[in-house]
Amino acid sequence: MSEDDRLRLAFCGLHPDRTARLVADMGSASTVLAAIAAGRVKVPPEARRAAALAAGACRDRLARLKVAPLFRHGAGYPAHLGDLPGAPDVLLARGSLPARPGVAIVGTRRCTRYGLALARAYGRACGGAGWPVVSGLARGADAQAHRGVVDAGGVGVAVMGCGPDVVYPPEHRALLGDLLARGGAVVTEYPPGTRPEPWRFPPRNRIIAGLAAAVVVVEAAETGGALITAGAALEQGRHVFAVPGDVERETSRGCNLLIRDGATPVLDPEDLVASLSLLLGPPPKVPPPPSTVEVEESARALLAALPAAGAPIEDAAAATGMSAREALAVLSRLEVAGLVRREGGLVLPGR
Amino acid sequence: MFAAVTSVALVGIDPCPVRVEVHVGGGQGIFHLVGLPDTAVREAKERVRAAVLCSGYRFPARRLTVNLAPAEIPKAGSAYDLPIALGVLAASGAVPPGVTGVVALGELALDGGVRSARGGLGAGLVAAEAGRPCLLPPGSAAEASLVRGAEVRMVRTLAEAVSVALGEVEPVPPPAVAPASDGPAVDLSWVRGQAVARRALEVAAAGGHHLLLVGPPGAGKTMLARCLPGILPPLSADESLEVARAWAAAGRPRPHQGGPPFRSPHHTATPAAIVGGGSGVPVPGELTLAHRGVLFLDELGEFPPYLLDALRQPVEEGWVHVARKGVSVRFPCDVQMVAATNPCPCGYAGDRLVACTCSPAGMERYRRRLSGPFLDRFDMQVAVPRLEPGELAGPGGEASAAVRGRVAAARACAAGRPALNRSLSRGDLDSLPCEPAATALLRSATERLALTGRGWDRARRVARTVADLEGADSVKESHVAEALSLRAAG
């Protein structure tokens, strides 16, 4: 089975399950391509056109997009993913995909502020510990996890449900650039130009779990992508962590169910890093980016009074005993120094 | 044969004397009314005839011509009944010609009674200017008595008007104006907690800055906004009269002693109700009723974009131009805007107790709807969080009077500048002293917080006001730091 034919078959962009079944039935990618060309296998017209592409044309296109094809059991393809049943035969990667397993941090797109803040904090903790952080670049928790990695200057891997040249959701283009700039990678099994259709996402989730040694579910409803990822992780024998949430909140129900069914509850970033150290080995001790900004005593007190999920200025002022005027002035200095940010009516630590 | 009585028409909010000329002579009983009257004025013929007859006078059975001069000003309403009747009586010789030496205004009932009509305050101004007494029905007389130097005579019937005009009876003094209600009186001492929002309100009052309040439902945004007029400096006599004139043009009396007005139009109001207009002679809208006071836009996100667009230019210029068939008038609208909005569609983003149920996409849509050129008008934005349960039972804050004192001191410190701090231009700001540390902080904020050119000026305006509140001559670093925290997003 030649690499050329495997790449050509991957360019058809069929559902991963279907590709796997066809290859299993017919023996090799070459015979499947021949069957598609002869019309013995019914596929959408764009897949038929893609099947007629020469391997050279496919490789040229990837080279133009600075995307590398990685073949299962071949060089650059992470072994911990390749050894799993149902792993994609060809992965398309931009940037440098880490060879060692990482930590997947996932959650719902309809995240509450609680979940958003946690996802970022966990992303920062794991990225800061030197482990690759894998997630799906989706809106909500996924993107926050990636942002956390970027904050910590760590390595992030984004697994996408569309072509390697498509950014979905489009507002995360800058985030994607940040990930790549810090030595991260963007991975997909879909050929260039593939639109983000809903059915493409569940198969993507098995890659997220496969690239990681452990999956952390930050906030998830009873149904949805995050629980599909957790399910895939359990099938693949990965460790599943879940962050407990309000038992009455719909978007925490998935996490709480996972805990009931045996997932390890995570209480704070330090707790997570300690548990993960047992699985992944101790963190390679990357020193945290030094805070070069000098701030006054009162500013440090205000910063210390801010919870990770943020608080209204009033609360921070009350906790430090400052007047509203002082707190407002101190807040600006902290914001200009890049130590806090404002979101809605809240002040949050971090950029 | 001929008689002329002075009355009044409003052009925008400015009263303009109108000469009601009556000629009686020759021919058959025909009644002509000329000089750009509207339908209600044209109906005056029937009311005047009946009122004259019912008051016991003879109505001339000859050719009768009434002219309202100057002819190019459109006249509206029923206010010319009384001057026309007085003119008819004088011109036909039924009463001595002395009755015409007055300024008169009022609608006639068929039985000869006089009812209030719009324009009482204007009549008072015209009468004071002309040095003549003015005859007005009770409601209008109360309004006119606000004008210093106006000789106001209250009349209840046509016959009484004749005797008062001739000086045959002592006039009854006009009643006092009922206080205009801007809503329930509120005091800042009722506001619990909200230390940051209170400070923002004080700064906004001192510099006249437009202020945006962002917070969940029930946080007290409306209450805070209602407190603003109470901490603004009281209106001067001239300003007060200007406000009264604006209100009178809209047919609402307003007492002299009233503080800055507070208007809170609903988001379903029509553009004409907000900026002014209406068919025929334009009437001022909410924007002009808020002149020299506060225009509060509650639930800013619910206001349709075309309404906000219609507000933008008038608020910037302080004048609103309204053009209607053949007339174009200008109403003053020097207002301070306060707007309140929820942080997200459900209102609970960032709340301490209730979880927000909005999707990030929904929040993004909401933010986009609220952004844009209208929001650019707001110098200041402040978050108003919901109180913790304990805070509601806690002590109230400082009373309005104390804050008003500091605001007045800050305004005194700002006296001598070309405009209120809200309207300072970039050139004005450049010429005001600013310490190097303050400029340095602004410069790093431009880089780190992506401040735009407009944001830079806004921060400097607010910083100037913070400095005024401290009585400082030059803007210091701490003033800029505070102003940056009170800046509007975007």
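Residues numbered from 1 in each chain as written. Chains lettered and ligands numbered in written order. Predicted model: local features only at pLDDT ≥ 70, side-chain atom pairs only at ≥ 80, totals over all residues.

Right, let's get into the overall build of chain B. A count of helices and strands for chain B gives 19 helices and 16 strands. Every one of the 490 residues in chain B was classed for burial, and the buried ones make up 52%. Long-range contacts, defined as pairs at least 24 residues apart, comprise 73% of the intrachain contacts of chain B with a sequence gap of at least 6. (Helix = DSSP H or I, 4+ residues; strand = E, 2+ residues; numbered from the N terminus. Buried ≥ 20, exposed ≤ 12 C-beta atoms within 10 Å, placed from the backbone. Contact = placed C-beta atoms within 7 Å.)

This part is about the interface of chain B and chain A. Listed as interface residues are 27 residues of chain B and, on the opposing side, 23 residues of chain A. In terms of residue count, the dominant contributor to the side of chain B that touches chain A is helix α19 (residues 477-485) of chain B (five residues).

Here we come to the nonpolar core. Of all hydrophobic cores here, the largest spans 264 residues; its most connected members are A:Val215, A:Val216 and A:Val217. Ranked by the residues each element gives to this core, the list is headed by helix α7 (residues 113-128) of chain A, at nine residues. If sequence neighbours within four positions are ignored, A:Val217 has contacts with A:Val106, A:Gly107, A:Ala226, A:Ala230, A:Val240, A:Ala242, A:Val243, A:Gly254, A:Cys255 and A:Leu258. Membership of the second largest hydrophobic core comes to five residues, among which are B:Cys344, B:Tyr348, B:Ala349 and B:Cys356. (Core = buried A, V, L, I, M, F, W, Y, C linked by C-beta atoms within 7 Å.)

For the rest of this paragraph, the subject is the environment of B:Val294. Its place among the elements puts B:Val294 in strand β12 (residues 294-297). In the structure, B:Val294 is positioned 62 residues away from B:Leu232 in sequence and 9.6 Å away in space, judged by C-alpha atoms.

Residue and element names in this part refer to chain B. In spatial order, the strands read β11-β12-β15-β10-β16; together these five strands make up an open sheet with parallel pairing. Both outer strands of the open sheet, β11 (262-263) and β16 (380-383), are each paired with one neighbouring strand and no more. Note that strand β10 (residues 211-214) and strand β15 (residues 336-341) share four bridges and pair parallel. Its bridge partner lying in β15, Leu-211 is registered against Val-338. Lying over the sheet, helix α7 (residues 195-207) contacts β10 and β16, oriented at roughly 165° with respect to β16. Running over the sheet, helix α8 (residues 221-231) touches β10, β11, β12 and β15 and is turned about 170° from β15. (Pairing = 2+ DSSP bridges. Axes fitted to C-alpha atoms, helices over the stretch in contact; angles between N-to-C directions.)

Below, the discussion takes up the pairing of strand β4 (residues 64-69) of chain B. Working note: regular strand, side chains alternate between the two faces of the sheet. Residue and element names in this part refer to chain B. Here β4 shows one buried face, formed by Leu-64, Val-66 and Leu-68, and one open face, formed by Thr-65, Asn-67 and Ala-69. Pairing of strand β2 (residues 14-24) with β4, which is carried by six bridges, proceeds in the antiparallel orientation. By the bridge assignment for β4, Val-20 is matched with Leu-68.

All names here are of chain A. Running from N to C, helix α1 (residues 3-11) and helix α3 (residues 29-37) point in directions that differ by 50°, and their axes come no closer than 8 Å. Judged by the angle between their axes, α1 and α3 are oblique. As α1 packs across α3, the resulting crossing turns out to be left-handed. Residue-level contacts link Asp-5, Arg-6, Arg-8 and Leu-9 of α1 to Ala-29, Ser-30, Val-32 and Leu-33 of α3. By residue class, the composition of the contact of α1 with α3 is four nonpolar, one polar and three charged. (Parallel < 35°, antiparallel > 145°, perpendicular 65-115°, else oblique. Left-handed = near helix turned anticlockwise from the far one by under 90°. Nonpolar A, V, L, I, M, F, W, Y, C, P; charged D, E, K, R; others polar.)

Residues and elements named next belong to chain A. Pairing is mixed across the open sheet formed by nine strands, whose spatial order is β1-β2-β6-β5-β4-β3-β7-β8-β9. Each end of this open sheet is capped by a strand with a single partner; those strands are β1 (68-71) and β9 (264-265). Direction of pairing for strand β3 (residues 102-106) relative to strand β4 (residues 133-135): parallel, over a ladder of two bridges. Across the sheet, residue Ala-104 finds its bridge partner in β4, namely Val-134.

What follows concerns unusual backbone geometry. With omega at -5°, the peptide bond leading from A:Tyr168 into A:Pro169 counts as cis. Mapped onto the secondary structure, A:Pro169 falls in the loop between β5 (156-159) and α9 (173-181). The omega torsion across B:Ala69 and B:Pro70 is 0°, close enough to zero to call that bond cis. Among the secondary structure elements, B:Pro70 is positioned in the loop between β4 and α3 (81-91). With phi around 55°, B:Gln194 is a residue other than glycine that occupies positive phi space. With respect to the helices, strands and loops of the structure, B:Gln194 is situated in the loop between α6 (158-165) and α7. With a phi angle near 65°, B:Arg292 is a residue other than glycine that sits in the positive phi range.

Glancing now at the confidence of the model for chain B. Per-residue confidence for chain B averages 86 on the pLDDT scale, and 96% of its residues sit at or above 70. With a pTM of 0.69, the predicted complex shows an ipTM of 0.76. (pLDDT = per-residue confidence, 0-100.)

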